[in-house]
Amino acid sequence: METPGSQSSLHRANLERVVRAVRLAGSLTQAEIARTTGLSAATVSNIVRELKDRGTVEVTPTSAGGRRARSVSLSGDAGIVIGVDFGHTHLRVAVGNLAHQVLAEESEPLDVDASSTQGFDRAEQLVSRLIEATGVDRTKVAGVGLGVPGPIDLESGTLGSSAILPGWIGTRPAEEMKGRLGVAVHVDNDANLGALGEMVWGSGRGVRDLAYIKVASGVGAGLVIDGKIYRGPGGTAGEIGHITLDESGPVCRCGNRGCLETFAAARYVLPLLQSSHGTDLTMEGVVRLAREGDPGCRRVIADVGRHIGSGVANLCNLLNPSRVVLGGDLAEAGELVLGPIRESVGRYAIPSAARQLSVLPGALGGRAEVLGALALALSEMGDSTLLDGTLTVATPAFT
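Residues numbered from 1 in each chain as written. Predicted model: local features only at pLDDT ≥ 70, side-chain atom pairs only at ≥ 80, totals over all residues. Heavy atoms only, no water.

(A) Spotlight on the sheet that holds strand β3 (residues 67–74). The strand order across the open sheet built from three strands is β1-β3-β2, with neighbouring strands paired in antiparallel fashion. A strand with exactly one partner marks an edge of an open sheet, and here the two such strands are β1 (27–29) and β2 (57–64). Between one strand axis and the next, the sheet turns by 30° as a mean value, whatever way the strands run. Where β2 meets β3, eight bridges bridge the pair, whose relative direction is antiparallel. Paired with Ala64 across the strands is Arg67, a residue of β3. Packing of helix α3 (residues 41–54) onto the sheet brings it into contact with β2 and β3, and relative to β2 it is tilted by some 135°. (Pairing = 2+ DSSP bridges. Helix = DSSP H or I, 4+ residues; strand = E, 2+ residues; numbered from the N terminus. Axes fitted to C-alpha atoms, helices over the stretch in contact; angles between N-to-C directions. Contact = heavy atoms within 4.5 Å.)

Written out as structure tokens, the structure reads:
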């Protein structure tokens, strides 16, 4: 047993600091590890050498700033994590290793009216199929990240009443999936996972304060403050879709009038174009037609951008993020929507906050949430299990 404050306990703590830094980033040069952990270059060099000898990390030659460097990542066979994303109309699953490499990924349609039991069963089947496709031993599963389109109560783990999947309200997704898979499951809403995905793999890399705006059947925001997702005490932080824009506006599903969601979400926007474009139009189709020059679709997207920008301006005034990343189908409209967002931010945000803000489209598209689920599973892992070689604590229940 290690004595607190002893050389051995200090060494152990430094090992865990380095492993954690690499695990969260995917890969870092030794210089980056030193900056991230605050350890000296010599200490980092010795620890990396020890971790490499243990088989915990892999070291590969790279370059940084035009100079030769060594990139450190967790060993590709140290374990795997699973990401599951339940959307309004889809189920997407990805399998990745601890070096942040995606080994397999697949999505399939999901009936919004299907029961939660059907959804969880299909997720279990898809997870099993993808693990088999990778050829990785099932006992290597270190954890699962799970995304749902609604707020999760942090105390009870239940899916909140504003969820897009009405038949799932009151369910406990993490508990349900843990019972099927037999491993630790960590759950969060889709906007938070989109923020995590973009922060680790996409347009939010290198930024510690950002907001990820997800516009689909609803409107939500994932908030990153000082490098960490901010959920609030009840897990409902980021419900930007329910900022009031017009007290006399359309009635929202939350019961209020004139919420941002009623001016930007697909369920409210698409009917504006039905008389001229038909009832089969989707948000993806609106974006495509707008990019091709359709005047009606361009106008609608510009209006949506201005409304989103009003909500973003409120975020700027309250939280002063350095970057806003737009996700969902709408992001594919590029400057057709980003320009109006910036216009509203410039008009309604305080000048100092607006000057510091960059507004970018997401780099990951529809994959942001499932990759964020992988990042969530990676972030919740314990570093001591990697060092002790005790990754597997139970045999997964799925077959």
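(B) Fine view of the domain arrangement of the protein. Considered domain by domain, the protein is made up of domain 1 (7–74), domain 2 (80–194 + 369–390) and domain 3 (206–362). Computed over C-alpha atoms, the centres of domain 1 and domain 2 are 29 Å apart. Contacts between the two partners involve 14 residues from domain 1, matched on the other side by twelve residues from domain 2. Of the roughly 1,100 Å² buried where domain 1 meets domain 2, counting both sides, 56% is carbon and sulfur surface. Its largest share of buried area at the contact with domain 2, domain 1 owes to Arg12, Arg23 and Leu74, together 49% of the area lost on that side. The interface formed by domain 1 and domain 2 includes zero salt bridges. (Domains from an automatic or database assignment. Buried area = accessible area lost by both parts, 1.4 Å probe. Salt bridge = Lys/Arg side-chain N within 4 Å of Asp/Glu carboxyl O.)

(C) Structural detail: the environment of Leu319. Looking at the element boundaries, Leu319 is found in helix α11 (residues 295–319). Note: C-alpha distance between Leu319 and Ala211 (108 residues apart in sequence) is 9.5 Å. Setting aside residues no more than four positions away along its own chain, Leu319 makes contact with Leu223 and Ile225.

(D) Quick look at a nonpolar patch on the surface. Nonpolar side chains collect at one region of the surface, where Ile225, Tyr230, Leu318 and Leu319 lie side by side and expose about 400 Å² of accessible area between them. In this structure, Ile225 sits in strand β10 (residues 219–225). (Patch = residues over 30% accessible without salt bridge, like charges linked within 9 Å, V, L, I, M, F, W, Y side chains within 5 Å. Areas by Shrake-Rupley, 256 points an atom, 1.4 Å probe, with all protein chains shown as cover.)

(E) The arrangement of the pattern of salt bridges in detail. Under the counting rule described, the total for this entry stands at 19 salt bridges. For Arg231, the salt bridge goes to Asp188, with nearest N and O atoms at 2.6 Å. With a gap of 43 residues between them, Arg231 in the loop between β11 (228–229) and α7 (261–264) and Asp188 in strand β8 (residues 185–189) connect regions that are remote in the sequence. Residue classification places Asp188 among the buried positions, given a relative accessible area of 4%. (Buried < 20%, exposed > 50% of the residue type's maximum accessible area, 1.4 Å probe, protein only.)

(F) Molecular detail of the packing of aromatic side chains. Evaluated as defined, the whole model comprises three aromatic pairs. Ring plane angle 85° and centroid distance 5.7 Å describe the contact between Phe86 and Phe120, whose orientation is recorded as edge-to-face. Of the two residues, Phe86 is situated in strand β4 (residues 80–86) and Phe120 in helix α4 (residues 116–134); the sequence distance between them amounts to 34 residues. As far as the burial class goes, Phe86 and Phe120 line up, both buried. Between the aromatic rings of Phe120 and Trp168, the centroid separation amounts to 5.0 Å while the plane-to-plane angle is 55°, which identifies the pairing as tilted. Here Phe120, found in helix α4, pairs with Trp168, found in the loop between β7 (141–148) and α5 (173–181); they are 48 residues apart in sequence, far enough to count as distant. Here Phe120 and Trp168 have matching classes, each one buried. Ring pairs connect the aromatic residues Phe86, Phe120 and Trp168, which therefore count as one cluster. (Phe/Tyr/Trp six-rings, centres within 6.5 Å; stacked < 30°, edge-to-face > 60°.)

(G) Structural view of the sheet that holds β8. The strand order β6-β5-β4-β7-β8 describes an open sheet built from five strands, whose pairing is mixed. In this open sheet, the two edge strands, each paired with only one partner strand, are β6 (102–109) and β8. The sheet shows a mean angle of 15° between the axes of neighbouring strands, direction not considered. Helix-sheet contacts for helix α6 (residues 190–201) involve β7 and β8, and the interaxial angle to β8 is about 100°.

(H) Just the side chain of Asp188, in detail. A polar side-chain atom of Asp188 sits 2.6 Å from a polar atom in the side chain of Arg231. Residues contacting Asp188, with those up to four places away along its chain left out, are Leu146, Gly147, Val148, Ile152, Leu193, Ile229, Arg231 and Leu376. (Polar contact = N/O pair within 3.5 Å; in protein donor to acceptor, adjacent residues only side chain to side chain.)

(I) The arrangement of the environment of Asp303 in detail. Inspection of the secondary structure assignment puts Asp303 in helix α11. Note on Asp303: relative accessible area 23%, which makes it partly exposed. For the pair Asp303 and Pro340, spaced 37 residues apart in the sequence, the C-alpha separation amounts to 7.6 Å.

(J) Quick look at the pairing of β3. Where β1 meets β3, three bridges bridge the pair, whose relative direction is antiparallel. Across the sheet, residue Thr29 finds its bridge partner in β3, namely Ser71.

(K) Focus on the layout of surface pockets. Estimates place the volume of the largest pocket at around 1,000 Å³. Where the lining of the largest pocket is concerned, the elements lending two or more residues are α1 (7–25), β1, α2 (30–37), α6, β11 and α14 (368–379). When the residues that make up the lining of the largest pocket are grouped by side-chain class, the tally is twelve nonpolar, six polar and nine charged. A volume near 860 Å³ is recorded for the second largest pocket. His88, His90, Lys214, Ala216 and Ser217 are, among the 42 residues lining the second largest pocket, the residues nearest its centre. For the lining of the second largest pocket, the elements supplying multiple residues, two or more each, are β5 (90–97), β6, α6, β9 (210–215), β10 and α10 (283–291). A breakdown of the residues in the lining of the second largest pocket according to their chemical character gives 13 nonpolar, 17 polar and twelve charged. Per-domain counts for the lining of the second largest pocket show at least three residues from each of domain 2 (80–194 + 369–390) and domain 3 (206–362). (1 Å grid on protein atoms, 1.4 Å probe; cavity = no way out; pocket = protein on both sides within 12 Å on 5 of 7 lines; lining within 4 Å. Points joined across faces, edges and corners; volume = space filled by probe spheres on them. Nonpolar A, V, L, I, M, F, W, Y, C, P; charged D, E, K, R; others polar.)

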